[in-house]
Amino acid sequence: MLGAGSASAVAVTPLPGGVQVDLSPSDTRWVADTGFGHAVAGLPHPSAPSFGEALDAAAQLSAQYPNGRVTFTVFGPLHELNGTMLALQ
């Protein structure tokens, strides 16, 4: 578990060929409030713009609910990343 503060935790789970990342409700609200995905979108990687936009959109949606959170998976070699992103209520 990674996180900032005792109530905040980001769970990172290794998967074959990738990782799954589960944001807590407080981390999801932080991403929504700060527009963190916009910062990610500026990274020099072909997948960064779409990932950053999807992260911000999912966080904005999930943050509307008390226990809303975002989870995503990332697979593949660094130069060909792909995955899924879910906004959970």
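Refer to the structure presented above.
Structurally, Phe-36 can be placed in helix α2 (residues 36-41). Expressed as a C-alpha distance, the spacing of Phe-36 and Leu-23, which sit 13 residues apart in the sequence, is 13 Å. With residues near it in sequence (within four places) discarded, Phe-36 still touches Trp-30, Val-31, Leu-55 and Asp-56.

Moving on to the pairing of strand β4 (residues 82-88). In the sheet, strand β3 (residues 69-75) pairs with β4 via seven bridges, with the strands oriented antiparallel. Along β4, the bridge assignment pairs Thr-71 with Leu-86. Between β3 and β4, which pair antiparallel in sequence order, lie six residues; one of them, Gly-76, sits at a positive phi of approximately 105 degrees.

The next thing to look at is the side chain of Asp-22. For Asp-22, the location among the structural elements is in strand β2 (residues 18-23). Polar side-chain contacts of Asp-22 include one of 3.1 Å to the side chain of Gln-20. When residues no more than four places from it in sequence are discounted, the contact partners of Asp-22 are Ala-9, Val-10, Ala-11, Arg-69, Val-70 and Thr-71.

As paired elements, strand β1 (residues 10-15) and β2 share six bridges and run antiparallel to each other. Looking at the pairing, Pro-14 lines up with Val-19 of β2. The antiparallel hairpin formed by β1 and β2 contains two residues in its connecting segment, where Gly-17 sits at a positive phi of about 85 degrees.

This brings us to the environment of Asp-22. The exposure class assigned to Asp-22 is buried, which follows from its relative accessible area of 18%. Measuring from C-alpha to C-alpha, the distance between Asp-22 and Leu-61 comes to 15 Å, with 39 residues separating the pair along the chain. At 2.3 Å, the side chain of Asp-22 and the side chain of Thr-71 are in polar contact.

Turning next to the sheet that holds β3. Taken in spatial order, the four strands of this open sheet run β1-β2-β3-β4, and their pairing is antiparallel. What marks the edges here is a single partner per strand, and that holds for β1 and β4. The average undirected angle you get between the axes of adjacent strands in this sheet is 10 degrees. Taken together, the five bridges between β2 and β3 define a ladder with antiparallel strand orientation. Bridging from a neighbouring strand, Val-19 pairs with Val-74 of β3. Strand contacts of helix α1 (residues 25-34): β1, β2 and β3, with the helix running at about 90 degrees to β2, the strand carrying the most contacts.

About the thresholds
- Residues numbered from 1 in each chain as written.
- Predicted model: local features only at pLDDT ≥ 70, side-chain atom pairs only at ≥ 80, totals over all residues.
- Heavy atoms only, no water.
- Helix = DSSP H or I, 4+ residues; strand = E, 2+ residues; numbered from the N terminus.
- Contact = heavy atoms within 4.5 Å.
- Pairing = 2+ DSSP bridges.
- Polar contact = N/O pair within 3.5 Å; in protein donor to acceptor, adjacent residues only side chain to side chain.
- Buried < 20%, exposed > 50% of the residue type's maximum accessible area, 1.4 Å probe, protein only.
- Axes fitted to C-alpha atoms, helices over the stretch in contact; angles between N-to-C directions.

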